[in-house]
Amino acid sequence: MSSALTRHARSLWLALLLLTLGGVVGALRMPVSLFPHIDYPRVLVAIDAGERDPAQMEAEITRPMEIALRAVPGVRHIRSTTSRGSAEIALNFPWGQDMAQATLATQGALATVAAEIPPGTRFEVRRSDPSLFPVLGLALTSDSLDPQALRQLAELKIRPALTAVNGVAGVDVLGGAAREFAVDIDPARLTALGLSIDDVARALAQANLVRGVGRLQDRHRLYLVLVEHRTATPAALARIPVKSGDSAGAGLVTLGDVAQIRPASAPNYTLVNSDGHRAVLVNVRQGLGGDTVRIVQQVQARLAGLGLPPSVKVTPFYDQSELVVGAAGAVRDAILLGALLAGLVLWLFLRSWRLVAITAAVLPAVLAATSLLLYALGMHFDMMTLGGMAAAVGLIVDDAVVMLEHVMRRMQEGRARTPPGILAAAAEMTRPLLGSTGATIVVFLPLAFIAGVSGGFFKALAVTMVAALVISLLYARLLIPLLCAHWLRPRDAELAERAGGWLGWLLHHYHRAIRAVMAQPARIAGAVVLVLAIAGGLAWYKVPSGFMPKMDEGGFILDYKAQPGAALADTDRLLRQVEALIRATPEVASYSRRTGLQLGGGLTEADEGDYFIRLKGGRRRPIEAVMADLRQRIADQVPGLQVETAQLMEDLIGDLTAVPQPIEIKLFGDDPAQLEPAARRVAGAIARISGVVEVVDGLRVAGDAIAIRVDAGRTRLHGLDPAQVADQVEALVGGNVATRVRVGEQMLDVRVRAPADLRARAAELAQLPLVAPDGHALRVGQIAQVTVVAGQKQRTREDLAPFIDVTARLEGRDLGSAMADVRRTVAALQLPAAIRVEYGGLYAQQRQSFADMTMVFSAALLLAALLLTFLFERIAWTLAAMLTVLLSAAAVFIGLWLTGIELDVSALMGLTMVVGMVTELIVFYFSELPAGQPASAHALAEAGEKRLRPILMSALIAILTLSPLALGISRGAGLQQPLATAIIFGLIAAVPLVLLLMPALVRVLQGRPRTPPAPASAPPG
């Protein structure tokens, strides 16, 4: 191998240089986003059926659709929420399902039921993916333009410009109702003329006409023949004839004679503002595979060049690129600081700046080549791939250190003074390097078999680390020997000798310690194993548990709900008080509010909505403290408002998987008389548990209704039927869109309805005028009874079964211990036997992820054992190694407990990585033992003395390179903090365990080496 390196040195130099340069180009072209691409196995069906009560809506529309959708291949669960005239059905599929095919199958299933549902029902099918949520939110405000004008500006100027940005999936405009023309009829004039509101609508529809009637060729030209009567202004609409006399010369009644026509806005029961001012919000959604940072930069550039009116102020209320850049900066800083610390460790041990320079050159080259490999795999920079690179820095440097340390040792021994000798010394490390790299790679193989959020997130990290390790092995085996052969000098070995002062002291104390251990290996090993096992078990029992790591995103969502059915003005009045509290919070930079809408869409009534509150950068209180403080002040000062707080990414992941709340208690039952009191009891009971906050009992009331109960007999006496009555009342109250007119690029509705003073109060509905077929007038109260029906509840079902979900969030409490208290509390309530209890929310996701990660850890342990057995073919060595790894894992639990960091999927990933990294140290240790015979006490001690320096260097470098992530001091670094902390504590314990405990375990498990029998003497001749 060394001779091959010598022969092909130039081609290798060029190949590695091209690989590095290609990596730089690939890194510059890789898109940047917050999280890796994951196909979330969820499809949403949003249904709009006009104005219907929830019970009728469920029976006529939701349930038939659920039955049809249950037949979609692969569906595991169906969940629906039905409100007044709208519903949402969520289909959950197994992870790994082809979601494009599932979406098409969902649309096909709905097509089969279209004939069974009422006409006019509209539905939209969309995949549940991050493109539903904006990466950039902009608020448009103005002192001179009203919300309608701002919406026009957003629709006609801003949306087309931003939609053209590469990577943008869509641009949504919220707030500022659409423009239309209002035709407020005069009922008295209509009655006097014998007209009905339907006659007016019909006249409008027939008069506003543009129709192509054919084509005509004349004088070498081809003409399109149009018959048209365009109306685009109130004056033109007023001239439309509604009725004319029957005799010649009779008069003509126009629309202006019986109605007032004016520009207006469409009926709208939503409200949007920004920093206390009425606003229009523009949400920019990113397509799958888009580059968040580049999208935001291009959007800002487009906005700067649009030439918006000076009075229009554009304020970003949410910018995901800030979090992406912050997270990338945190990882970049961790890499740079880790590399610097690794260089210091290398200099401390070997005292050669040439060796530090070699390491400093190899590290960026490996990271660049890794980027090229990731680019070829279609991946992008996100919090997991960047975190994988940061976590791999220590391993990359470790490969370089192992090779450099071995070469320096051979140079000190005088066996590698020439370039061929150095290359020969490097060749001796081929097998240990392959074994150590394989030990780290095999722990990631089981990740290919797990699904869910944890699988999707950490597969990206695993692929990144495997790519980095493969490239690192290539550079360590090929590039570093060439650099050493052409650059290292005998003086470097002399400098390394000078570092032997404190190393000599360390070796002396290690020699004494290993001699003491070898004197009584069974007793000492047993005591250490017992103590660590007990401490680790206690820590595992005490350590808090969670799902995803917490990180400061720089902003959070505040969901709110007023009293059920509250008027929009009353809800707005309460929210003005909330906004005063928000503005009084010193950490708040800006905020935006949606009422009747949600940031990510979804089923929303006019009495609910959300805020996105953006916090200032720099030094401030932790975001959890700000959220808790604001929530408490709202509870104290704004009674009648129910609020929930969550950071956007937590809310996003929850929405994409199922339920965003950590705690969800699902109560199933067919009897509402039992189910609803049970939900109230459960909510009241868990609200008393310490740390459980924002409890919602699930009894969502959509609002009140006014029932107009028609008397069929009285109606028939007037020549009407209930359907005709409903049509006329609908036209008077809600209005009918009679036609649409084109104004510029837009089509505006023309809505015919009664004047506002006739439909302003519920009590006045009985006085609404109706017109019988023979032309005589009557009032609604003559043929119907008008009453108020209070408390129309939203209706929820899962897999066709009615249920109520009680949800809650946590404050200052970990998910695992809180759910243990919740389950005990619910069990103690002794709910009726007919009610079935299930637990969902993020807790269900946590349980699934923990089960998956436990499988990954077990498989990693077994694969590491297989690798060690394959490399050394000693079962006793393998058993000793695995026990050492398990004790290092126990140290991880102790470390998490001491630092107060939750055991979540990130920490479990770190625990799994400890298996590979400790096994790597073990491989290098076992490589120093003589092959083919049991290891004696002297051989075990000598192997420890030889590996003391490289093991200390490897562990110190890995610990120091991960320290910036473990401290979590940068914004966005929280996702990798548990992972880094777990690895650090595992390695801190691994060093003494590998160097002292493992030799004792090997000594005990293999038994004392037997003296070979003396050869028999030859018989006399």
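Structural data are supplied above this passage.
**Q** Please explain the overall build of the chain as it appears in this structure.
**A** Helices and strands together make up the secondary structure of the chain, namely 32 helices and 31 strands. By principal-axis analysis of the C-alpha atoms, the chain measures approximately 150 × 80 × 65 Å. Relative to its full complement of 1021 residues, the chain shows a buried share of 55%. Working note: accessible area of the chain is about 43400 Å², and carbon and sulfur atoms make up 57% of it. Distance from the positive charge centre (95 side chains) to the negative charge centre (88 side chains) of the chain: 7 Å.

**Q** Got a minute to help me understand the sheet that holds strand S14 (residues 277-278) in this structure?
**A** Through backbone hydrogen bonds, the strands of a sheet pair up, either in parallel or in antiparallel fashion. Pairing within the open sheet is antiparallel, and its six strands lie in the order S14-S13-S18-S19-S17-S20. The sheet terminates laterally at S14 and strand S20 (642-647), the two strands that pair on one side only. Strands in contact with helix H20 (residues 568-583) are strand S13 (271-274), S14, strand S17 (555-561), strand S18 (588-595) and strand S19 (608-615); relative to S18, the strand with the most contacts, it is inclined by about 170°.

**Q** How do you make sense of a nonpolar patch on the surface when you look at a structure like this?
**A** A contiguous nonpolar patch, built from Val213, Leu216, Tyr223, Val225 and Val227 and spanning about 410 Å² of accessible area, is present on the exposed surface. Of all the secondary structure elements, the ones that give two or more residues to the nonpolar patch are strand S8 (209-218) and strand S9 (221-229). Residue classification places Val225 among the partly exposed positions, given a relative accessible area of 31%.

**Q** I would appreciate a short explanation of helix H28 (residues 841-872) in the present structure.
**A** Along an α-helix, a turn takes 3.6 residues, which lines up residues three or four apart on a common side. Its 32 residues give H28 an end-to-end C-alpha distance of 47 Å, which sits within 8% of 46 Å, the value for a rise of 1.5 Å per residue. Glu873 lies just past H28 and shows a positive phi near 55°.

**Q** Help me understand the sheet that holds strand S15 (residues 280-286) in this model?
**A** With antiparallel pairing, the four strands of this open sheet are ordered in space as S6-S15-S5-S16. In this open sheet, the two edge strands, each paired with only one partner strand, are strand S6 (168-174) and strand S16 (312-319). Shown here is a sheet whose adjacent strand axes are inclined to one another by a mean of 20°, direction ignored. Pairing of S6 with S15 involves six bridges; the strand directions are antiparallel. Following the sheet pairing, Leu174 is matched in S15 by Leu281. In the packing of helix H5 (residues 147-163) onto the sheet, contacts are made with strand S5 (134-142), S6, S15 and S16, and the angle to S6 comes to roughly 175°. The sheet strands contacting helix H10 (residues 292-304) are S5, S6, S15 and S16, and the helix crosses S5 at an angle near 20°.

**Q** Honestly, the packing of aromatic side chains in this entry has me stumped. Any pointers?
**A** Scanning all chains against the criterion turns up 10 aromatic pairs. With a centroid separation of 5.3 Å and an interplanar angle of 25°, the aromatic rings of Phe668 and Phe803 are classed as stacked. Separated by 135 residues along the polypeptide, Phe668 in strand S21 (residues 663-668) and Phe803 in strand S30 (residues 801-810) bring together distant segments of the chain. By the burial criterion, Phe668 is buried, and Phe803 matches it. Linked through ring pairs, Phe872, Trp877, Tyr925 and Phe926 together constitute an aromatic cluster. Sitting above the plane of the Phe668 ring, Arg836 keeps its charged end 4.1 Å from the centroid. For the cation-ring pair, Arg874 lies above Trp877, with the distance from its terminal atom to the ring centre recorded as 5.2 Å.

**Q** Just to check I follow, could you spell out the pairing of S21 for this structure?
**A** The two faces of the sheet receive side chains in turn, since in a regular strand these alternate between them. Where burial is concerned, most of S21 is hidden: six out of the six residues are buried. What you see with S21 is no split at all: Ile663, Ile665 and Leu667 on one side and Glu664, Lys666 and Phe668 on the other are buried throughout. Examined bridge by bridge, S21 and S30 share six bridges and lie antiparallel to one another. Residue pairing for S30: Phe668 is matched across the bridge by Phe803. Sheet topology places S21 next to strand S31 (residues 836-840); five bridges connect them, and they run antiparallel. Across the sheet, residue Ile665 finds its bridge partner in S31, namely Tyr839.

**Q** Just to check I follow, could you spell out the pairing of strand S7 (residues 179-185) for this structure?
**A** Of all seven residues in S7, six are buried; the element is thus mostly enclosed. Sheet analysis places S7 next to strand S12 (residues 259-265), joined by seven bridges and oriented antiparallel. For Arg179, the partnering residue across the bridge sits in S12 and is Ser265. In terms of strand pairing, S7 meets strand S25 (residues 746-753) through five bridges, oriented parallel. The partner of Ala182 across the bridge, within S25, is Arg751.

**Q** Looking at this model, I keep getting lost on the pattern of salt bridges. Mind explaining?
**A** Side chains carrying opposite charge are able to pair once their charged atoms draw close together. In this structure the tally under the stated criterion is 48 salt bridges. In this structure, Asp610 and Arg594 form a salt bridge, with 2.6 Å as the shortest nitrogen-oxygen distance. Remark: Arg594 occurs in strand S18 and Asp610 occurs in strand S19; sequence separation between them is 16 residues. By relative accessible area, which is 0% here, Arg594 ends up buried. One salt bridge in this structure joins Arg809 and Glu644, with 3.5 Å as the shortest N-O distance. Of this pair, Arg809 sits in strand S30 while Glu644 sits in strand S20; the two residues are 165 residues apart in sequence, bridging distant segments of the chain.

**Q** Even after reading the chapter, I still don't get the nonpolar core, so can you show me in this structure?
**A** The tendency in soluble globular proteins is for nonpolar side chains to be buried as a group. Core analysis: the biggest nonpolar cluster contains 222 residues, and Phe457, Ile665, Leu667 and Phe926 have the highest contact counts within it. If you look at the next biggest cluster of nonpolar residues, it comprises 37 residues, including Val200, Ala207, Ala738 and Val780.

**Q** So what exactly am I meant to see when it comes to the environment of Pro54 here?
**A** By secondary structure assignment, the location of Pro54 is in helix H3 (residues 54-69). Along the backbone, Pro54 and Glu228 are 174 residues apart, and their C-alpha atoms lie at a distance of 43 Å. Not counting residues up to four positions away in its chain, the partners in contact with Pro54 are Thr82, Ser83, Arg84, Gln792, Lys793 and Arg795.

**Q** Sorry if this is basic, but what is going on with helix H16 (residues 452-487) here?
**A** For H16, which comprises 36 residues, the first-to-last C-alpha distance of 50 Å matches the rise-based estimate of 52 Å (1.5 Å per residue) to within 8%. The largest bend in H16 comes to about 35°, at Ala476. With 29 of 36 residues buried, H16 lies mostly within the body of the structure.

**Q** Can you walk me through a negative patch on the surface in this structure?
**A** On the surface, a cluster of negative charge is contributed by Glu51, Asp198, Asp727 and Glu730. Within the secondary structure, Asp727 is located in helix H25 (residues 722-733). The class for Asp727 is partly exposed, based on a relative accessible area of 40%.

**Q** I would appreciate a short explanation of the packing of helix H30 (residues 905-926) against helix H31 (residues 937-967) in the present structure.
**A** Two quantities define a packed helix pair, namely the angle between the axes and the distance from one axis to the other. Where H30 meets H31, the closest approach of the two axes is 9 Å, and the angle between their N-to-C directions is 145°. Both H30 and H31 take part in a crossing whose hand is right-handed. Residues Met917, Leu921, Phe924 and Tyr925 of H30 form the contact with H31, whose participating residues are Leu940, Ala943, Gly944, Arg947, Ile951, Ser954 and Ala958. Residue classes in the contact of H30 with H31 are distributed as eight nonpolar, two polar and one charged.

**Q** What exactly am I supposed to notice about the side chain of Arg594 here?
**A** In this structure the side chain of Arg594 is engaged in a polar contact, spanning 2.6 Å, whose partner is the side chain of Asp610. The residues contacting Arg594, other than those within four sequence positions of it, are Leu174, Leu271, Val272, Leu281, Phe317, Tyr560, Leu599, Glu608, Gly609, Asp610, Tyr611 and Phe612.

**Q** How should the packing of helix H2 (residues 9-29) against helix H12 (residues 353-376) be read in this particular structure?
**A** In contact at an axis separation of 7 Å, H2 and H12 are set at 60° when each is read in the N-to-C sense. One way to sum up the angle between H2 and H12 is to call them oblique. Between H2 and H12 lies a crossing whose hand is left-handed. Facing Leu19, Thr20, Gly22, Gly23, Val24, Gly26, Ala27 and Arg29 of H2, the residues of H12 in contact are Ala365, Ala368, Ala369, Ser371, Leu372 and Tyr375.

Thresholds applied
Residues numbered from 1 in each chain as written. Predicted model: local features only at pLDDT ≥ 70, side-chain atom pairs only at ≥ 80, totals over all residues. Heavy atoms only, no water. Helix = DSSP H or I, 4+ residues; strand = E, 2+ residues; numbered from the N terminus. Buried < 20%, exposed > 50% of the residue type's maximum accessible area, 1.4 Å probe, protein only. Areas by Shrake-Rupley, 256 points an atom, 1.4 Å probe, with all protein chains shown as cover. Lys, Arg positive; Asp, Glu negative; His and termini not counted. Charge placed at Lys NZ, Arg CZ, Asp CG, Glu CD. Pairing = 2+ DSSP bridges. Contact = heavy atoms within 4.5 Å. Axes fitted to C-alpha atoms, helices over the stretch in contact; angles between N-to-C directions. Patch = residues over 30% accessible without salt bridge, like charges linked within 9 Å, V, L, I, M, F, W, Y side chains within 5 Å. Salt bridge = Lys/Arg side-chain N within 4 Å of Asp/Glu carboxyl O. Expected span 1.5 Å × (residues − 1). Phe/Tyr/Trp six-rings, centres within 6.5 Å; stacked < 30°, edge-to-face > 60°. Lys NZ or Arg CZ within 6 Å of the ring centre and 35° of its normal. Core = buried A, V, L, I, M, F, W, Y, C linked by side-chain atoms within 4.5 Å. Bend = angle between axes of the 7 residues up to and from the residue. Left-handed = near helix turned anticlockwise from the far one by under 90°. Nonpolar A, V, L, I, M, F, W, Y, C, P; charged D, E, K, R; others polar. Polar contact = N/O pair within 3.5 Å; in protein donor to acceptor, adjacent residues only side chain to side chain. Parallel < 35°, antiparallel > 145°, perpendicular 65-115°, else oblique.

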